[in-house]
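Residue strings, one per chain:
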Amino acid sequence: MVKVGQTTREDVNDRIRESQGQVQQAYTLLVNEIAERDDGSIFRDSDVRMLLVQKGFENPKRGSAREWIRCSPADVLTAIVELRTGAQLTGTHHKTFPPRPEQTMAVEKTYEYFEHLWAEDPEAVPRFLWNAKMRFGKTFTAYQLAKRLGAKRILVVTFKPAVEDSWESDLKSHVDFEGWQYLSKATGGTPNDVDKSRPLVYFGSFQDLLGRDRATGRIKSRNEWVHTTNWDLVIFDEYHFGAWRESAKELFEGEDDKVAKKELDAEYNAGLDAFDEEFSELGHGEDDFIEITTSAYLYLSGTPFKALATGEFIEEQIFNWTYTDEQRAKAEYTAGHPGEWNPYGALPEMRLLTYQMPDELVAVANQGEFDEFDLNEFFEAAGRGDDAVFTHKDDVQKWLDIIRSAHLPTQVDAMRMGTRPPFPYSDARLLPYLQHSFWFLPNVAACDAMANLLAERQNVFWHEYDVLVVAGTGAGIGLKALPPVREAIADGNDTKTITLSCGKLTTGVTVEQWSSILMLRNLNSPETYFQAAFRVQSPWSIKNPEGNDPSAEEVIKPVCFVFDFAPTRALRQIADYGAGLSPDAPNPERAVEELVEFLPVLAYDGSNMTQVDAGGILDIAMAGTSATLLARKWESAILVNVDNETLRRLMSSEAAMDAVMNIEGFRALGSDVFETVVNKSEAVKGTKKERGDDLSKAEKKKLTEEEKEYKSKRKKIQENLIKFATRIPAFMYLTDFRENTLHDVITKIEPDLFKTVTGLTVGDFNLLVRLGVFNSTQMNQAVFAFRRYEDASLSYTGIESHGGLRRYGLYDTVVAVE
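This section reports on the structure supplied with the text.

What counts as what
Residues numbered from 1 in each chain as written. Predicted model: local features only at pLDDT ≥ 70, side-chain atom pairs only at ≥ 80, totals over all residues. Heavy atoms only, no water. Pairing = 2+ DSSP bridges. Helix = DSSP H or I, 4+ residues; strand = E, 2+ residues; numbered from the N terminus. Axes fitted to C-alpha atoms, helices over the stretch in contact; angles between N-to-C directions. Buried < 20%, exposed > 50% of the residue type's maximum accessible area, 1.4 Å probe, protein only. Arc of directions from axis to C-beta. Contact = heavy atoms within 4.5 Å. Phe/Tyr/Trp six-rings, centres within 6.5 Å; stacked < 30°, edge-to-face > 60°. Lys NZ or Arg CZ within 6 Å of the ring centre and 35° of its normal.

**So, the sheet that holds strand 5 (residues 181-184)**
Part 1 of the reasoning: One open sheet holds the seven strands; their spatial order is 5-6-4-8-10-3-11, and the pairing between them is parallel. Strands with a single pairing partner mark the edges of an open sheet, and in this sheet they are strand 5 and strand 11 (318-321). Strand-to-strand twist in this sheet, taken as the mean axis angle between neighbours without regard to direction, amounts to 15°.
Part 2 of the reasoning: Pairing geometry for strand 5 and strand 6 (residues 200-205), over four bridges, is parallel. Bridge assignment links Leu183 to a residue of strand 6, and that residue is Tyr202.

Here it is as structure tokens:
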């Protein structure tokens with residue numbers, strides 16, 4: 001039961017202590033609200049209790065017990081909101097907070113874009129992307145957009161059914177959505193069960209909505225109403241499946257094959273395996289696979305790098321809320337509202353510390369042309385459980401000693417330098433954030449071997465930590481691996497833990513006490529790297545710490561740390577992540593600069609720990625780039641678009657078709673190759689949708705042959721376009737006019753040289769870029785890498801490529817050198 005009372009005292013706690021008399025007891029103040037209506041009139045505690053009783057909550061109604069009600073704080077808050085506003089609310093619609101500024105901005109930008117398109121074409125079906133990191137409040141904000149649009153029928157589709165809880169609770173707890181109806185597979189129900197005059201939200205998983213009846217090949221009868229309903233807004237949560245699936249695979253590649261498959265099934269459901277090939281095929285998006293009619297699409301993602309990089313959405317179709325935006329808002333709110341509660345205050349700032357290992361350890365596991373420290377090789381292990389042991393056990397022992405400053409050679413070097421480097425488990429400033437840490441290792445054997453080594457007699461320092469192995473078959477799949485970790489950490493104050501994992505608990509899990517992650521394995525993509533890193537960026541704070549002020553908050557974790565022991569690879573991830581979040585930024589260096597403004601990078605080079613700026617990060621990242629790797633940027637498929645929509649635009653322009661025929665290799669293919677690819681791919685797709693399992697063996701065989709044919713031809717188109725793109729660096733190398741954009745060099749200064757080198761006229765090339773055949777965003781990034789690498793290589797030999805050069809020319813923009 002909770003006691004519902006009132007006071008006119010400024011400090012509520014004075015009145016509570018006074019009411020207890022001499023028998024003072026511990027209590028928690030759960031609700032502290034002003035008892036004033038919107039019109040200025042006052043209501044009393046008895047009004048609140050009376051309303052709660054009317055709702056069916058128990059109240060003794062006698063003596064001093066009359067103030068006690070058997071209900072939750074949310075129920076009390078709901079009653080207060082009803083009395084304050086005069087509205088009648090259902091359930092616990094008690095939350096009244098307004099959208100934060102960035103949430104309002106997202107709603108307005110999307111609304112304006114939709115309205116603009118509908119004004120031009122009432123039949124248009126606009127698409128919009130929210131590139132929003134975790135903690136943005138995407139469910140609440142998406143509902144606010146639906147309300148702004150006046151949408152009555154909203155469909156939420158996701159690959160991760162586990163997120164249903166937040167979609168349902170946000171709808172049922174905030175007063176803005178009073179009267180809205182919620183349906184899903186879990187709740188059951190059909191359109192016959194809902195009030196058509198009130199907004200309806202239907203939550204469905206991709207796997208369920210894609211499901212077809214095996215006997216008929218038709219949509220499952222229980223889902224037919226979803227496909228026949230005219231939706232006002234369709235929301236795709238955790239977009240983009242293809243890129244997201246690939247990053248999930250990389251996260252779990254250290255697990256045993258069977259366990260990895262189960263983890264991936266738990267992440268995105270085995271039922272989607274059949275669609276992998278179609279998803280990866282160029283030109284198909286998620287909305288192609290659900291036969292629905294809607295007025296608009298909203299896509300939500302925390303790492304939509306693929307969608308951003310390929311130009312799938314233009315700038316007007318994207319709202320960004322990144323880690324940088326979040327931390328900037330936190331700093332600005334603190335400056336503008338000193339002494340007030342900061343809505344962003346509990347979101348910790350992330351810091352990356354990289355350490356160059358001594359030569360003796362680097363020599364054990366170096367890789368590639370630049371002798372980069374190979375973490376997978378260094379932490380290689382064999383055996384399982386108690387029998388697991390590191391291949392380079394002596395060297396891993398040295399590493400354990402180094403990170404707590406107990407390695408003699410490192411100590412001697414520090415004494416000579418007169419400085420003591422801040423190693424993770426030795427520096428007093430870092431130790432509070434290593435009370436609960438996550439160690440990300442290459443595979444199950446490495447996790448077991450690390451637990452065994454930490455438990456050995458010589459490692460007394462590590463014995464005070466509870467070492468948790470969350471890897472392999474014994475750890476449980478998905479969220480089932482979490483309870484032992486929570487139990488060991490408890491409230492986090494009086495315990496010390498190290499969680500060893502090679503993939504588990506790196507997605508969709510919040511362990512607020514984790515304050516640091518040690519990256520002890522190679523990760524290729526920045527999405528995967530930061531998906532794991534952001535596990536430690538979840539807020540750890542205590543609401544109402546003294547129990548006497550519901551609005552008070554004590555932040556336990558103001559910062560969090562990523563420790564990495566392969567500096568070049570780590571800084572390359574930072575560079576790629578910063579550029580990937582803003583692929584259209586006119587200056588890639590500025591994008592990285594903005595990121596490291598709130599994600600400081602400190603690098604230990606073996607003698608000193610120094611903060612690295614954006615230019616330094618890019619220089620180090622490029623230093624690990626060979627001419628071969630650079631050339632691969634110009635051989636990448638993302639430089640060209642050969643999806644059906646682009647091919648249609650190409651075919652509709654006679655000039656564009658003539659231009660393409662001038663590119664080497666296309667005359668041999670013939671001009672009808674584009675029409676063949678588009679028509680056959682759509683015919684095959686249509687037949688699969690309509691007939692499904694009804695196809696005979698002969699028909700399936702024919703379909704497979706046609707599928708192979710058009711895929712092969714699409715690949716040939718792509719290869720020929722890429723072959724053309726690889727000639728652009730040769731042109732860049734030959735031209736001297738770097739103070740202009742490459743676009744200016746092509747169009748104004750050396751058009752003849754461009755035709756000689758590439759075989760295409762300037763006008764033809766620009767036409768193909770306008771039609772989207774070539775991706776200018778990706779070309780800008782490839783040009784930037786080429787310019788920086790070439791100038792760095794020349795300056796290393798003492799040659800300044802162009803005296804007094806102040807700017808780099810990219811494809812369609814200019815970047816300042818400084």
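**Side note on helix 19 (residues 482-489)**
Part 1 of the reasoning: Where helix 19 is concerned, the buried positions are Leu482, Val485, Ala488 and Ile489. For helix 19, the angular spread of buried residues about the axis comes to 135°, placing them on one side.
Part 2 of the reasoning: As for helix 19, its buried residues are in contact with strand 17 (436-440), strand 18 (466-470) and strand 19 (497-501).
Part 3 of the reasoning: Looking one or two residues past helix 19, Ala490 carries a phi angle of roughly 55°, positive in sign.

**Notes on the packing of aromatic side chains**
Part 1 of the reasoning: Tallying each qualifying case throughout the model produces 46 aromatic pairs.
Part 2 of the reasoning: Ring geometry for Phe136 against Trp321: centres 6.4 Å apart, planes inclined by 45°, an arrangement best described as tilted. Note that Phe136 is positioned in the loop between strand 3 (127-132) and helix 5 (138-149) and Trp321 in strand 11, a separation of 185 residues in sequence.
Part 3 of the reasoning: Judged by relative accessible area, which is 9%, Trp321 ranks as buried.
Part 4 of the reasoning: Ring geometry for Phe423 and Tyr604: centres 5.2 Å apart, planes at 75°, overall edge-to-face. Note that Phe423 is positioned in the loop between helix 17 (408-417) and strand 17 and Tyr604 in strand 24 (residues 601-604), a separation of 181 residues in sequence.
Part 5 of the reasoning: For Arg148, the ring lying beneath its charged end belongs to Tyr111, and the centroid distance is 3.8 Å.
Part 6 of the reasoning: Between the NZ or CZ atom of Lys496 and the centre of the ring of Tyr465, over which it lies, the distance is 4.6 Å.

**Digging into the sheet that holds strand 18**
Part 1 of the reasoning: With mixed pairing, eight strands are arranged side by side in an open sheet as 18-19-17-20-23-12-24-25. Each of the sheet's edge strands pairs with one partner strand only, and the pair in question is strand 18 and strand 25 (609-611). For this sheet, the mean angle separating the axes of adjacent strands, direction not counted, is 20°.
Part 2 of the reasoning: Pairing of strand 17 with strand 20 (residues 516-519) involves four bridges; the strand directions are parallel. Bridge pairing in strand 20 places Ser437 opposite Ser516.

Geometric descriptors of this kind do not, in isolation, establish any biological role.
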